[in-house]
Amino acid sequence: MEECCSPQVGSSIFRLYYTKVQLGSPPREYHVQIDTGSDVLWVGCISCNGCPQSSGLQIQLDFFDPGSSSTASLISCSDQRCSVGVQSSDSLCSAQTNQCSYTFQYGDGSSTSGYYVSDLLYFDTIVGNTLTTNSSAQIVFGCSILQTADLTKSDRAVDGIFGFGQQEMSVISQLSSQGLAPKVFSHCLKGDDNGGGILVLGEIVEPNIVYTPLVPSQPHYNLNLQSISVNGQVLPIDPSVFATSSDQGTIIDSGTTLAYFVEAAYDPLVNAVTAAVSQSVRSVLSKGNQCYLTSSRVTDIFPQVSLNFAGSASMLLSPQDYLIQQNSLGGAEVWCIGFQKFQGQGMTILGDLVLKDKIFVYDLANQRVGWASYDCSMSVNVSATTSTGKSEYVNAGQLNDNSSPENVPNKLIPTIIIAFLLHTCILRSFLFL
(Lines give C-alpha, C1' and ligand atoms only; values in the text may rest on other atoms or scores of the structure.)
Protein backbone atom coordinates (compact mmCIF):
# COMPACT_ATOMS: atom_id res chain seq x y z
CA MET A 1 0.00 0.00 0.00
CA GLU A 2 2.10 2.85 -1.27
CA GLU A 3 1.40 6.26 0.20
CA CYS A 4 -0.10 8.72 -2.27
CA CYS A 5 0.66 6.79 -5.42
CA SER A 6 -1.28 3.49 -5.39
CA PRO A 7 -3.77 3.28 -8.25
CA GLN A 8 -7.47 3.51 -7.60
CA VAL A 9 -8.40 0.57 -9.81
CA GLY A 10 -10.88 -2.12 -8.80
CA SER A 11 -9.71 -5.72 -8.97
CA SER A 12 -11.33 -9.12 -8.79
CA ILE A 13 -9.07 -10.41 -6.03
CA PHE A 14 -7.74 -8.97 -2.81
CA ARG A 15 -4.75 -10.51 -1.06
CA LEU A 16 -3.43 -9.18 2.24
CA TYR A 17 -0.38 -10.50 4.11
CA TYR A 18 -0.35 -9.73 7.81
CA THR A 19 1.48 -10.75 10.95
CA LYS A 20 1.14 -10.38 14.72
CA VAL A 21 3.20 -8.01 16.84
CA GLN A 22 3.18 -7.38 20.57
CA LEU A 23 3.48 -3.84 21.94
CA GLY A 24 3.53 -2.23 25.38
CA SER A 25 3.81 -3.35 29.00
CA PRO A 26 2.10 -5.63 29.65
CA PRO A 27 2.38 -6.74 25.99
CA ARG A 28 -0.77 -6.81 23.89
CA GLU A 29 -1.13 -8.42 20.48
CA TYR A 30 -1.95 -6.58 17.24
CA HIS A 31 -2.48 -7.83 13.70
CA VAL A 32 -0.74 -5.62 11.14
CA GLN A 33 -0.43 -5.71 7.36
CA ILE A 34 3.08 -6.16 5.96
CA ASP A 35 3.73 -3.23 3.63
CA THR A 36 7.01 -2.47 1.85
CA GLY A 37 5.39 0.57 0.22
CA SER A 38 5.32 2.67 3.41
CA ASP A 39 7.66 3.33 6.33
CA VAL A 40 5.81 3.47 9.61
CA LEU A 41 4.36 0.87 11.97
CA TRP A 42 1.03 2.16 13.26
CA VAL A 43 -1.92 0.63 15.09
CA GLY A 44 -5.37 1.90 15.98
CA CYS A 45 -5.52 3.67 19.31
CA ILE A 46 -8.14 3.93 21.99
CA SER A 47 -10.86 6.49 21.13
CA CYS A 48 -10.06 6.10 17.43
CA ASN A 49 -12.63 7.64 15.10
CA GLY A 50 -13.35 5.34 12.15
CA CYS A 51 -11.35 2.33 13.35
CA PRO A 52 -13.27 -0.93 12.77
CA GLN A 53 -14.49 -2.65 15.92
CA SER A 54 -14.50 -6.14 14.39
CA SER A 55 -12.89 -7.99 11.50
CA GLY A 56 -14.18 -10.38 8.86
CA LEU A 57 -10.79 -12.13 9.05
CA GLN A 58 -11.89 -13.86 12.27
CA ILE A 59 -9.23 -12.07 14.29
CA GLN A 60 -9.66 -10.12 17.51
CA LEU A 61 -8.97 -6.42 17.00
CA ASP A 62 -7.39 -4.41 19.80
CA PHE A 63 -6.67 -0.75 20.45
CA PHE A 64 -3.44 0.57 21.87
CA ASP A 65 -3.77 2.68 25.03
CA PRO A 66 -0.58 4.60 25.93
CA GLY A 67 -2.00 5.26 29.40
CA SER A 68 -2.25 1.54 30.13
CA SER A 69 1.36 0.73 29.23
CA SER A 70 3.98 1.34 31.91
CA THR A 71 6.73 1.74 29.27
CA ALA A 72 4.93 4.09 26.84
CA SER A 73 5.89 7.72 26.33
CA LEU A 74 4.68 10.33 23.87
CA ILE A 75 7.05 11.78 21.27
CA SER A 76 7.34 15.57 21.38
CA CYS A 77 8.26 17.87 18.52
CA SER A 78 11.63 18.53 20.13
CA ASP A 79 12.52 14.84 20.06
CA GLN A 80 15.25 14.10 17.53
CA ARG A 81 13.30 11.08 16.32
CA CYS A 82 10.44 13.37 15.31
CA SER A 83 12.82 15.69 13.46
CA VAL A 84 14.10 12.73 11.42
CA GLY A 85 10.53 11.85 10.50
CA VAL A 86 9.78 15.41 9.39
CA GLN A 87 12.66 15.21 6.91
CA SER A 88 11.16 12.10 5.28
CA SER A 89 7.56 13.44 5.48
CA ASP A 90 6.66 10.66 7.92
CA SER A 91 5.87 13.06 10.78
CA LEU A 92 4.34 16.47 11.42
CA CYS A 93 4.56 18.87 14.31
CA SER A 94 1.93 21.01 15.97
CA ALA A 95 3.22 24.13 17.70
CA GLN A 96 0.07 24.20 19.82
CA THR A 97 0.42 20.72 21.30
CA ASN A 98 4.17 20.08 20.81
CA GLN A 99 3.10 16.57 19.80
CA CYS A 100 4.77 14.60 17.02
CA SER A 101 1.98 13.43 14.71
CA TYR A 102 1.31 12.06 11.24
CA THR A 103 -1.23 11.86 8.44
CA PHE A 104 -0.87 9.22 5.72
CA GLN A 105 -2.98 9.39 2.56
CA TYR A 106 -3.11 6.20 0.50
CA GLY A 107 -3.81 5.90 -3.20
CA ASP A 108 -7.11 4.06 -2.69
CA GLY A 109 -8.49 7.20 -1.05
CA SER A 110 -8.13 5.99 2.54
CA SER A 111 -6.16 7.85 5.18
CA THR A 112 -5.04 7.59 8.78
CA SER A 113 -3.94 10.21 11.29
CA GLY A 114 -2.51 10.01 14.77
CA TYR A 115 0.48 10.68 16.99
CA TYR A 116 3.73 8.92 17.78
CA VAL A 117 4.56 7.01 20.92
CA SER A 118 7.64 5.14 22.08
CA ASP A 119 7.14 1.71 23.62
CA LEU A 120 8.41 -1.85 23.63
CA LEU A 121 8.09 -4.11 20.58
CA TYR A 122 8.40 -7.81 21.33
CA PHE A 123 9.70 -10.22 18.74
CA ASP A 124 10.75 -13.81 18.20
CA THR A 125 14.42 -14.59 17.78
CA ILE A 126 15.91 -17.82 16.52
CA VAL A 127 19.21 -18.52 18.29
CA GLY A 128 20.69 -21.65 16.80
CA ASN A 129 17.78 -24.09 16.75
CA THR A 130 15.99 -22.51 19.71
CA LEU A 131 13.10 -20.08 19.34
CA THR A 132 13.11 -17.31 21.95
CA THR A 133 10.02 -15.13 22.36
CA ASN A 134 10.96 -12.74 25.18
CA SER A 135 13.13 -10.28 23.24
CA SER A 136 12.08 -6.63 23.06
CA ALA A 137 13.25 -3.22 21.91
CA GLN A 138 12.08 0.36 22.42
CA ILE A 139 10.72 1.72 19.14
CA VAL A 140 8.65 4.64 17.87
CA PHE A 141 5.34 3.79 16.21
CA GLY A 142 2.09 5.47 15.29
CA CYS A 143 -1.06 5.60 17.39
CA SER A 144 -3.94 6.23 14.96
CA ILE A 145 -6.97 8.19 16.15
CA LEU A 146 -8.67 8.74 12.78
CA GLN A 147 -9.25 6.46 9.78
CA THR A 148 -11.24 6.99 6.60
CA ALA A 149 -12.57 5.13 3.53
CA ASP A 150 -11.41 1.51 3.12
CA LEU A 151 -9.55 1.57 6.44
CA THR A 152 -12.92 1.83 8.19
CA LYS A 153 -14.31 -1.37 6.62
CA SER A 154 -14.63 -4.48 8.75
CA ASP A 155 -14.50 -7.19 6.07
CA ARG A 156 -10.69 -7.24 5.90
CA ALA A 157 -9.83 -5.11 8.92
CA VAL A 158 -6.54 -5.47 10.78
CA ASP A 159 -5.18 -3.39 13.65
CA GLY A 160 -2.74 -1.40 11.55
CA ILE A 161 0.08 -1.42 9.01
CA PHE A 162 3.69 -2.53 9.50
CA GLY A 163 5.71 -0.36 7.13
CA PHE A 164 8.99 -1.87 5.94
CA GLY A 165 10.23 1.12 3.95
CA GLN A 166 13.83 2.30 4.14
CA GLN A 167 13.33 5.69 5.83
CA GLU A 168 14.57 6.28 9.39
CA MET A 169 11.11 5.95 10.98
CA SER A 170 10.72 2.35 9.80
CA VAL A 171 11.14 -0.43 12.37
CA ILE A 172 13.90 -2.07 10.31
CA SER A 173 15.89 1.18 10.40
CA GLN A 174 15.24 1.69 14.12
CA LEU A 175 16.32 -1.84 15.07
CA SER A 176 19.37 -1.60 12.83
CA SER A 177 20.45 1.71 14.43
CA GLN A 178 20.20 0.02 17.85
CA GLY A 179 22.42 -2.84 16.66
CA LEU A 180 19.60 -5.35 17.13
CA ALA A 181 19.11 -6.33 13.49
CA PRO A 182 21.06 -6.14 10.24
CA LYS A 183 19.96 -3.55 7.71
CA VAL A 184 18.47 -6.21 5.49
CA PHE A 185 15.18 -8.08 5.57
CA SER A 186 13.63 -10.81 3.46
CA HIS A 187 10.25 -12.33 2.82
CA CYS A 188 8.76 -15.33 1.08
CA LEU A 189 5.02 -15.01 0.40
CA LYS A 190 3.08 -18.20 -0.26
CA GLY A 191 0.85 -17.83 -3.29
CA ASP A 192 -1.64 -20.66 -2.85
CA ASP A 193 -5.10 -20.19 -1.39
CA ASN A 194 -3.80 -21.00 2.09
CA GLY A 195 -1.35 -18.12 1.89
CA GLY A 196 1.12 -17.44 4.67
CA GLY A 197 4.89 -17.28 4.48
CA ILE A 198 7.76 -15.88 6.48
CA LEU A 199 9.47 -12.52 6.97
CA VAL A 200 12.86 -12.30 8.65
CA LEU A 201 15.16 -9.45 9.58
CA GLY A 202 18.19 -10.88 7.86
CA GLU A 203 19.28 -12.07 4.42
CA ILE A 204 17.70 -15.23 3.08
CA VAL A 205 20.45 -17.13 1.29
CA GLU A 206 19.56 -19.01 -1.90
CA PRO A 207 21.99 -19.79 -4.76
CA ASN A 208 19.62 -18.60 -7.50
CA ILE A 209 19.00 -15.10 -6.16
CA VAL A 210 19.74 -12.31 -8.63
CA TYR A 211 20.20 -8.70 -7.50
CA THR A 212 19.48 -5.33 -9.04
CA PRO A 213 20.51 -1.98 -7.53
CA LEU A 214 17.95 0.31 -5.94
CA VAL A 215 17.49 3.65 -7.69
CA PRO A 216 19.27 6.05 -5.30
CA SER A 217 17.60 8.84 -3.32
CA GLN A 218 14.06 7.49 -3.69
CA PRO A 219 11.52 7.15 -0.86
CA HIS A 220 10.35 3.69 -1.98
CA TYR A 221 11.96 0.53 -3.33
CA ASN A 222 12.45 1.86 -6.85
CA LEU A 223 14.07 -0.42 -9.39
CA ASN A 224 15.38 0.29 -12.88
CA LEU A 225 13.11 -1.77 -15.15
CA GLN A 226 14.65 -1.72 -18.61
CA SER A 227 12.53 -4.01 -20.77
CA ILE A 228 9.87 -6.74 -20.83
CA SER A 229 10.12 -10.01 -22.75
CA VAL A 230 7.50 -12.57 -23.72
CA ASN A 231 8.82 -16.03 -24.64
CA GLY A 232 12.30 -14.53 -24.83
CA GLN A 233 11.35 -11.76 -27.27
CA VAL A 234 11.90 -8.20 -26.05
CA LEU A 235 8.77 -6.12 -26.58
CA PRO A 236 8.89 -2.80 -28.50
CA ILE A 237 8.45 -0.56 -25.44
CA ASP A 238 10.20 2.79 -25.15
CA PRO A 239 12.49 2.42 -22.07
CA SER A 240 11.72 6.03 -21.10
CA VAL A 241 8.27 4.96 -19.84
CA PHE A 242 10.06 3.16 -16.99
CA ALA A 243 12.43 6.05 -16.12
CA THR A 244 12.31 7.22 -12.51
CA SER A 245 10.93 10.67 -11.76
CA SER A 246 8.63 12.22 -9.18
CA ASP A 247 5.55 10.56 -10.72
CA GLN A 248 7.05 7.72 -12.72
CA GLY A 249 9.21 4.65 -12.16
CA THR A 250 9.00 1.06 -10.95
CA ILE A 251 8.50 0.07 -7.31
CA ILE A 252 7.89 -3.19 -5.45
CA ASP A 253 5.13 -3.01 -2.88
CA SER A 254 3.83 -5.91 -0.76
CA GLY A 255 0.85 -3.76 0.24
CA THR A 256 -0.52 -3.85 -3.32
CA THR A 257 -2.41 -6.96 -4.45
CA LEU A 258 -1.92 -6.91 -8.21
CA ALA A 259 0.58 -5.22 -10.55
CA TYR A 260 0.17 -1.98 -12.48
CA PHE A 261 1.78 -0.90 -15.74
CA VAL A 262 1.62 2.30 -17.71
CA GLU A 263 -0.41 2.09 -20.91
CA ALA A 264 2.66 2.17 -23.16
CA ALA A 265 3.92 -1.03 -21.52
CA TYR A 266 0.62 -2.71 -20.69
CA ASP A 267 -0.80 -2.79 -24.22
CA PRO A 268 2.24 -4.41 -25.93
CA LEU A 269 2.55 -6.90 -23.06
CA VAL A 270 -1.08 -8.05 -23.16
CA ASN A 271 -1.07 -8.11 -26.96
CA ALA A 272 2.02 -10.34 -26.97
CA VAL A 273 0.52 -12.77 -24.45
CA THR A 274 -2.74 -12.90 -26.42
CA ALA A 275 -0.92 -13.50 -29.70
CA ALA A 276 1.09 -16.34 -28.14
CA VAL A 277 -2.07 -18.26 -27.16
CA SER A 278 -4.39 -17.22 -29.99
CA GLN A 279 -4.53 -20.76 -31.42
CA SER A 280 -5.21 -22.42 -28.07
CA VAL A 281 -7.75 -20.27 -26.22
CA ARG A 282 -10.76 -18.10 -26.81
CA SER A 283 -9.94 -14.47 -26.05
CA VAL A 284 -12.68 -12.36 -24.46
CA LEU A 285 -13.06 -9.01 -22.71
CA SER A 286 -14.88 -8.76 -19.40
CA LYS A 287 -15.45 -5.34 -17.85
CA GLY A 288 -12.37 -4.07 -19.65
CA ASN A 289 -10.18 -7.00 -18.53
CA GLN A 290 -8.46 -9.26 -21.04
CA CYS A 291 -9.60 -12.82 -20.31
CA TYR A 292 -9.20 -16.25 -21.87
CA LEU A 293 -11.34 -19.37 -21.96
CA THR A 294 -9.36 -22.60 -21.99
CA SER A 295 -9.76 -26.28 -21.21
CA SER A 296 -5.99 -26.79 -21.00
CA ARG A 297 -3.57 -26.13 -18.15
CA VAL A 298 -2.35 -22.55 -18.36
CA THR A 299 1.22 -23.67 -17.66
CA ASP A 300 1.11 -25.71 -20.87
CA ILE A 301 -0.03 -22.95 -23.22
CA PHE A 302 0.70 -19.50 -21.79
CA PRO A 303 4.13 -17.92 -22.31
CA GLN A 304 6.76 -16.98 -19.77
CA VAL A 305 7.08 -13.24 -19.15
CA SER A 306 10.37 -11.70 -18.08
CA LEU A 307 10.82 -8.31 -16.41
CA ASN A 308 14.40 -7.26 -17.15
CA PHE A 309 16.15 -4.96 -14.67
CA ALA A 310 19.49 -3.20 -14.42
CA GLY A 311 22.42 -5.46 -13.60
CA SER A 312 21.17 -8.21 -15.93
CA ALA A 313 18.64 -9.28 -13.29
CA SER A 314 15.50 -10.79 -14.79
CA MET A 315 12.31 -11.62 -12.90
CA LEU A 316 10.72 -14.62 -14.59
CA LEU A 317 6.94 -14.75 -14.35
CA SER A 318 5.05 -17.98 -14.88
CA PRO A 319 1.44 -17.77 -16.08
CA GLN A 320 0.21 -17.89 -12.45
CA ASP A 321 2.25 -14.74 -11.81
CA TYR A 322 0.22 -12.69 -14.28
CA LEU A 323 -3.08 -14.56 -14.64
CA ILE A 324 -5.97 -14.80 -12.17
CA GLN A 325 -8.45 -17.65 -12.38
CA GLN A 326 -12.07 -16.55 -12.48
CA ASN A 327 -15.31 -18.46 -12.91
CA SER A 328 -15.88 -21.37 -15.29
CA LEU A 329 -18.01 -21.05 -18.40
CA GLY A 330 -19.34 -23.96 -20.44
CA GLY A 331 -16.82 -26.39 -18.99
CA ALA A 332 -13.87 -24.08 -19.74
CA GLU A 333 -11.84 -22.21 -17.15
CA VAL A 334 -11.73 -18.43 -17.33
CA TRP A 335 -8.34 -16.80 -16.69
CA CYS A 336 -7.83 -13.03 -16.79
CA ILE A 337 -4.74 -10.88 -17.01
CA GLY A 338 -3.99 -9.76 -13.45
CA PHE A 339 -2.02 -6.73 -14.56
CA GLN A 340 -3.87 -3.42 -14.42
CA LYS A 341 -3.36 -0.43 -16.72
CA PHE A 342 -2.52 3.16 -15.92
CA GLN A 343 -3.83 5.61 -18.49
CA GLY A 344 -0.96 7.81 -19.63
CA GLN A 345 2.08 8.17 -17.40
CA GLY A 346 2.35 6.73 -13.92
CA MET A 347 4.11 4.31 -11.64
CA THR A 348 4.79 0.68 -12.46
CA ILE A 349 3.86 -1.10 -9.23
CA LEU A 350 4.79 -4.74 -8.69
CA GLY A 351 2.48 -6.11 -6.01
CA ASP A 352 1.79 -9.51 -4.48
CA LEU A 353 0.68 -11.04 -7.78
CA VAL A 354 4.33 -11.11 -8.92
CA LEU A 355 6.04 -11.07 -5.50
CA LYS A 356 4.44 -14.33 -4.31
CA ASP A 357 6.23 -17.68 -4.52
CA LYS A 358 9.59 -15.96 -4.53
CA ILE A 359 12.26 -15.07 -2.01
CA PHE A 360 12.77 -11.31 -1.89
CA VAL A 361 15.79 -9.77 -0.17
CA TYR A 362 15.87 -6.05 0.61
CA ASP A 363 19.56 -5.35 1.21
CA LEU A 364 19.43 -1.77 2.44
CA ALA A 365 23.07 -1.73 3.51
CA ASN A 366 24.18 -2.37 -0.06
CA GLN A 367 21.19 -0.62 -1.68
CA ARG A 368 20.01 -3.56 -3.73
CA VAL A 369 17.04 -5.93 -4.00
CA GLY A 370 17.24 -9.59 -4.97
CA TRP A 371 14.80 -12.38 -5.75
CA ALA A 372 14.50 -16.02 -6.73
CA SER A 373 11.56 -18.33 -7.39
CA TYR A 374 10.96 -20.52 -4.34
CA ASP A 375 8.46 -22.81 -2.64
CA CYS A 376 7.62 -20.61 0.34
CA SER A 377 6.22 -23.56 2.29
CA MET A 378 9.80 -24.80 2.67
CA SER A 379 12.37 -23.69 5.23
CA VAL A 380 14.85 -20.92 4.39
CA ASN A 381 18.49 -20.31 5.20
CA VAL A 382 19.25 -16.88 6.65
CA SER A 383 22.50 -14.98 7.02
CA ALA A 384 23.05 -12.37 9.73
CA THR A 385 26.14 -10.38 10.59
CA THR A 386 27.19 -11.12 14.17
CA SER A 387 29.10 -9.01 16.69
CA THR A 388 32.35 -10.44 15.29
CA GLY A 389 31.50 -8.96 11.89
CA LYS A 390 31.25 -12.39 10.29
CA SER A 391 28.26 -13.61 8.34
CA GLU A 392 26.79 -16.72 9.90
CA TYR A 393 23.90 -18.85 8.71
CA VAL A 394 20.82 -20.37 10.29
CA ASN A 395 17.95 -22.41 8.91
CA ALA A 396 14.97 -20.35 10.02
CA GLY A 397 12.54 -23.11 9.16
CA GLN A 398 8.97 -22.38 8.19
CA LEU A 399 7.22 -20.99 11.24
CA ASN A 400 3.85 -22.56 11.92
CA ASP A 401 0.87 -21.18 13.79
CA ASN A 402 2.42 -22.18 17.11
CA SER A 403 5.50 -20.10 16.28
CA SER A 404 7.86 -23.07 16.46
CA PRO A 405 10.44 -23.71 13.74
CA GLU A 406 9.84 -26.72 11.52
CA ASN A 407 12.40 -28.60 9.43
CA VAL A 408 15.28 -27.22 11.47
CA PRO A 409 18.48 -29.30 11.20
CA ASN A 410 20.22 -30.53 14.34
CA LYS A 411 23.48 -28.65 13.80
CA LEU A 412 23.09 -24.88 13.49
CA ILE A 413 25.49 -22.01 13.99
CA PRO A 414 24.38 -19.87 16.97
CA THR A 415 23.15 -16.60 15.55
CA ILE A 416 20.09 -14.40 16.07
CA ILE A 417 17.30 -13.92 13.55
CA ILE A 418 14.12 -11.93 14.18
CA ALA A 419 11.29 -13.74 12.43
CA PHE A 420 7.60 -13.02 11.80
CA LEU A 421 4.99 -15.59 10.78
CA LEU A 422 2.79 -14.31 7.95
CA HIS A 423 -0.93 -14.93 7.45
CA THR A 424 -2.99 -14.17 4.36
CA CYS A 425 -6.48 -12.88 3.67
CA ILE A 426 -7.75 -13.68 0.17
CA LEU A 427 -11.04 -12.23 -1.06
CA ARG A 428 -12.36 -12.92 -4.56
CA SER A 429 -15.20 -11.44 -6.60
CA PHE A 430 -15.72 -13.27 -9.87
CA LEU A 431 -16.26 -11.65 -13.24
CA PHE A 432 -19.22 -13.32 -14.92
CA LEU A 433 -18.97 -13.10 -18.66
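Residues numbered from 1 in each chain as written. Predicted model: local features only at pLDDT ≥ 70, side-chain atom pairs only at ≥ 80, totals over all residues. Heavy atoms only, no water.

**Some thoughts on the sheet that holds strand E23 (residues 323–329)**
Inference 1: The strand order across the open sheet built from four strands is E19-E20-E24-E23, with neighbouring strands paired in antiparallel fashion. Looking along the sheet, the strands with just one partner apiece sit at the ends: strand E19 (282–286) and E23. Strand-to-strand twist of the sheet, defined as the mean angle between neighbouring strand axes without regard to direction, takes the value 30°.
Inference 2: Two elements, E23 and strand E24 (residues 332–337), share five bridges in a ladder whose sense is antiparallel. Bridge pairing in E24 places leucine 323 opposite isoleucine 337.
Inference 3: Most of the contacts of helix H3 (residues 263–276) go to strand E20 (residues 289–294), to which it runs at about 10°, and overall it touches E19, E20 and E24. (Pairing = 2+ DSSP bridges. Helix = DSSP H or I, 4+ residues; strand = E, 2+ residues; numbered from the N terminus. Axes fitted to C-alpha atoms, helices over the stretch in contact; angles between N-to-C directions. Contact = heavy atoms within 4.5 Å.)

**Description of the state of the cysteines**
Inference 1: Applying the stated criterion across every chain yields a total of six disulfides.
Inference 2: Each disulfide pairs two cysteine sulfurs, and for cysteine 77 the partner residue is cysteine 93, the sulfurs being separated by 2.3 Å. The chirality of the disulfide connecting cysteine 77 with cysteine 93 is left-handed, given an S-S dihedral of about -130°. Of this pair, cysteine 77 sits in the loop between strand E4 (73–74) and helix H1 (80–87) while cysteine 93 sits in strand E5 (residues 92–94); the two residues are 16 residues apart in sequence, bridging distant segments of the chain.
Inference 3: Assessed through its relative accessible area of 17%, cysteine 77 is described here as buried.
Inference 4: When the bonded cysteines of the protein chain are numbered from the N-terminus onward, they pair as 1-8, 2-3, 4-6, 5-7, 9-12, 10-11. (Disulfide = S-S within 2.5 Å. Buried < 20%, exposed > 50% of the residue type's maximum accessible area, 1.4 Å probe, protein only.)

**Let's talk about empty space enclosed by the protein**
Inference 1: Counted by the stated rule, this structure contains one cavity of 30 Å³ or more.
Inference 2: In this structure, the largest cavity encloses a volume near 50 Å³.
Inference 3: Along the walls of the largest cavity sit Gly44, Cys51, Pro52, Leu61, Asp62, Phe63, Gln147, Val158 and Asp159, which together make up its complete lining.
Inference 4: When the residues that make up the lining of the largest cavity are grouped by side-chain class, the tally is five nonpolar, two polar and two charged. (1 Å grid on protein atoms, 1.4 Å probe; cavity = no way out; pocket = protein on both sides within 12 Å on 5 of 7 lines; lining within 4 Å. Points joined across faces, edges and corners; volume = space filled by probe spheres on them. Nonpolar A, V, L, I, M, F, W, Y, C, P; charged D, E, K, R; others polar.)

**Thoughts on the nonpolar core**
Inference 1: The biggest cluster of nonpolar side chains holds 81 residues, and the ones touching the most others in it are Ile228, Phe302, Leu307 and Phe339.
Inference 2: The greatest single-element share of this core, amounting to six residues, is contributed by H3.
Inference 3: Those residues in contact with phenylalanine 339, other than ones at most four positions away along the chain, are Ala259, Phe261, Tyr266, Leu269, Leu317, Asp321, Tyr322, Leu353 and Val354.
Inference 4: Counting residues in each nonpolar core, the second largest holds 14 residues, with Val184, Tyr211, Tyr374 and Val380 among its members. (Core = buried A, V, L, I, M, F, W, Y, C linked by side-chain atoms within 4.5 Å.)

**Points about H1**
Inference 1: The distance from a side-chain oxygen at the start of H1 to the backbone nitrogen of arginine 81 is 2.8 Å, and the residue carrying that oxygen is aspartate 79.
Inference 2: At the C-terminal side of H1, serine 89 shows a positive phi close to 65°. (Polar contact = N/O pair within 3.5 Å; in protein donor to acceptor, adjacent residues only side chain to side chain.)

**Things to note about the sheet that holds strand E17 (residues 249–252)**
Inference 1: Pairing within the open sheet is mixed, and its five strands lie in the order E14-E17-E26-E18-E25. The sheet terminates laterally at strand E14 (222–223) and strand E25 (339–342), the two strands that pair on one side only.

**Details of the pattern of salt bridges**
Inference 1: A complete count under the given rule lists 10 salt bridges for this structure.
Inference 2: For arginine 297, the salt bridge is made with aspartate 300, and the minimal N-O distance between the two is 3.2 Å. Comparing arginine 297 with aspartate 300 shows no difference in burial state: the two are exposed.
Inference 3: Salt-bridge contacts for aspartate 363 lead to arginine 368; the nearest nitrogen and oxygen are separated by 3.0 Å.
Inference 4: On the accessibility criterion, aspartate 363 (4% relative accessible area) is buried.
Inference 5: Judged by relative accessible area, which is 27%, arginine 368 ranks as partly exposed.
Inference 6: Taken together, the salt bridges that share partners define one network made up of Asp321, Lys356, Asp357 and Lys358. (Salt bridge = Lys/Arg side-chain N within 4 Å of Asp/Glu carboxyl O.)

**A word on the packing of aromatic side chains**
Inference 1: Scanning all chains against the criterion turns up 15 aromatic pairs.
Inference 2: An angle of 80° between the planes, with centres 5.2 Å apart, marks the rings of phenylalanine 64 and phenylalanine 141 as edge-to-face. Of this pair, phenylalanine 64 sits in the loop between strand E3 (41–49) and E4 while phenylalanine 141 sits in strand E8 (residues 130–148), placing them 77 residues apart in sequence. The same class applies to phenylalanine 64 and to phenylalanine 141, which are both buried.
Inference 3: Aromatic ring contacts, followed pair by pair, group Phe162, Phe164, Phe185, Tyr221, Phe309, Phe360, Tyr362 and Trp371 into a single cluster.
Inference 4: One residue, arginine 368, lies across the ring of tyrosine 211, its end atom 3.6 Å from the ring centre. (Phe/Tyr/Trp six-rings, centres within 6.5 Å; stacked < 30°, edge-to-face > 60°. Lys NZ or Arg CZ within 6 Å of the ring centre and 35° of its normal.)

**Side note on unusual backbone geometry**
Trans peptide bonds make up most of the peptide bonds, and negative phi angles are found at most residues other than glycine.
Inference 1: Cis geometry marks the peptide bond from serine 25 to proline 26, where omega comes out at 0°.
Inference 2: Tracing the sequence through the fold places proline 26 in the loop between strand E1 (13–23) and strand E2 (28–35).
Inference 3: Phi is positive for glutamine 58, which is not a glycine, with a value near 60°.
Inference 4: For glutamine 58, the position within the fold is in the loop between E3 and E4.
Inference 5: For glutamine 58, a relative accessible area of 72% gives the class exposed.
Inference 6: At asparagine 98, a position not held by glycine, the phi torsion is positive, near 55°.
Inference 7: Along the chain, the position of asparagine 98 falls in the loop between E5 and strand E6 (99–105).
Inference 8: Classification of asparagine 98 by relative accessible area gives partly exposed; the value is 38%.

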